[in-house]
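Chain residues, written in single-letter form:
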Amino acid sequence: AWVVDAYRRALIGSRAGHELDLMLTGADLRSGLSSQNFTYGECGLPEMSTLFSVLEQHCGIRQTEGLAFVDLGHGVGNVVLAAALLRPWGSVLGIELCGERYAESERLLARWRDEVAPTLPLAQQRLGVAVTLKHSNFLQLQDSSSKPTWSGADVVFVHATCFDSAMLEELSIL
């Protein structure tokens, strides 16, 4: 029950991702990606809770301490926050290309850290979960070996219902 309450309190005043669909900037559109790749779909706490239950039951991922969770195309940060609240990951990384959505996710994370987490008992603040947000094209975010920086993550979440076929093909290769 505390998770649902904390999640709702963190989202108070946040703009939903679909509200930001019409706010793509010139930089977003000059990224070289099809505008279809910017179409927004949203998942939240209930969907992520179900997903994590499936991962436990069918993939054997029961203990997440020390594991890395990545959300590719993290939008306004709903999934990143849900992941950090629902499991004690070693790290949670969100990568978002759209500038307005990224800015909103930064506001959400700041609200969580500054206003919501301090009101919870210490064990529920999830201060040990390292949450990082990046404003980048996740296909171009590479380490020195030219692999995506997120490719070694234990769980990679992609809500890709609107990605074009070229984007999906690139993801499948990685």
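Read on for an overview of the structure. (Residues numbered from 1 in each chain as written. Predicted model: local features only at pLDDT ≥ 70, side-chain atom pairs only at ≥ 80, totals over all residues. Heavy atoms only, no water.)

## Section: the overall build of the chain
Rules: Only runs of H or I of at least four residues qualify as helices and only runs of E of at least two qualify as strands under DSSP, and these elements are numbered from the N terminus. Each residue is assigned to one of three classes by its accessible area relative to the maximum for its type, calculated with a 1.4 Å probe on protein chains only: buried under 20%, partly exposed between the two thresholds, exposed over 50%. Note on areas: Shrake-Rupley, 1.4 Å probe, and residue coverage restricted to the protein chains presented here.
Along the chain, the regular secondary structure elements total six helices and four strands. Moving toward the C terminus, one meets the helices and strands of the chain in the order α-α-α-β-α-β-α-β-β-α. The burial tally for the chain puts 43% of its 174 residues in the buried class. In the structure as shown, the chain presents an accessible area of about 8,900 Å², 52% of it carried by carbon and sulfur atoms.

## Re the packing of helix α1 (residues 2–11) against helix α4 (residues 78–86)
Short version of the rule: The axes used here are C-alpha line fits, helices contributing only the stretch in contact, and every angle between their N-to-C directions lies in the interval 0 to 180 degrees. Each angle is binned into one of four classes, with values under 35 degrees roughly parallel, values over 145 roughly antiparallel, values of 65 to 115 roughly perpendicular, and all other values oblique. Handedness of a helix crossing follows the sense of rotation of the near helix relative to the far helix, less than a right angle counterclockwise being left-handed and clockwise being right-handed. What makes two residues a contact is simply this: any of their non-hydrogen atoms within 4.5 Å.
At a minimum axis distance of 11 Å, the contact between α1 and α4 shows a crossing angle of 150 degrees. With respect to their mutual orientation, α1 and α4 come out roughly antiparallel. The handedness of the crossing between α1 and α4 comes out as right-handed. Here Trp2, Val3, Tyr7, Ala10 and Leu11 of α1 lie close against α4, whose contacting residues are Asn78, Leu81, Ala82, Leu85 and Leu86.

## Section: the packing of aromatic side chains
Think of a pair of aromatic rings as described by two things: how far the centres are apart, and how the planes are tilted against each other in angle. Formally: For this analysis, a ring pair means two rings from Phe, Tyr or Trp (six-membered ring only for Trp) whose centres lie within 6.5 Å, classed as stacked if their planes differ by under 30 degrees, edge-to-face if by over 60, and tilted for the remaining angles.
Summed over all chains, the structure comprises four aromatic pairs. Members of the aromatic cluster, each reached through a chain of ring pairs, are Phe52, Phe69, Trp89 and Phe157.

## Remarks on the sheet that holds strand β1 (residues 68–72)
Cut-off, in case you're wondering: Between any two strands, pairing holds if DSSP finds at least two bridges.
Spatially, β3-β2-β1-β4 is the arrangement adopted by the four strands of the open sheet, whose pairing is parallel. Each end of this open sheet is capped by a strand with a single partner; those strands are β3 (130–135) and β4 (155–158). Averaged over all pairs of adjacent strands, the angle between their axes in this sheet comes to 15 degrees, without regard to strand direction.

## Here we look at the pattern of salt bridges
How we decide: Counted as salt bridges are all cases of a side-chain nitrogen of Lys or Arg within 4 Å of a carboxyl oxygen of Asp or Glu.
Enumeration over the complete set of coordinates arrives at three salt bridges. Here Glu104 ties to Arg107 by a salt bridge, and the two come within 2.8 Å at their closest N and O atoms. Of this pair, Glu104 and Arg107 both sit in helix α5 (residues 99–116), three residues apart, which is roughly one turn of that helix. Residue class for Glu104 comes out buried when judged on its relative accessible area of 2%.

## Observations concerning α4
Structurally, the α-helix is built with 3.6 residues per turn, so residues lying three or four positions apart point the same way. Buried residues dominate α4, accounting for nine of its nine residues. The complete set of buried residues in α4 reads Asn78, Val79, Val80, Leu81, Ala82, Ala83, Ala84, Leu85 and Leu86.

## Observations regarding the packing of helix α3 (residues 45–59) against α4
Across the interface, α3 lies against α4 with an axial gap of 9 Å and an inter-helix angle of 55 degrees. As judged from the angle between their axes, α3 and α4 are oblique. Where α3 crosses over α4, the two elements pack in a sense that is right-handed. The residues of α4 that touch α3, namely those facing Leu45, Met48, Ser49 and Phe52, are Val79, Ala82, Ala83 and Leu86.

## Here's the deal with α3
This is how it is decided: Each residue after the first adds 1.5 Å to the expected span of a helix. This arc describes the spread of directions from the helix axis toward the C-beta atoms.
In this model, α3 (15 residues) spans 20 Å end to end at C-alpha, consistent with the 21 Å of a helix rising 1.5 Å per residue. Three or more residues of α3 are buried, namely Leu45, Met48, Phe52 and Leu55. All buried residues of α3 project into a common sector of 80 degrees when viewed along the axis, lining one side. Turned more than 90 degrees away from the buried face of α3 sit Pro46, Gln57 and His58, all of them exposed. Those residues of α3 that are buried are in contact with α1, β1, α4 and β4.

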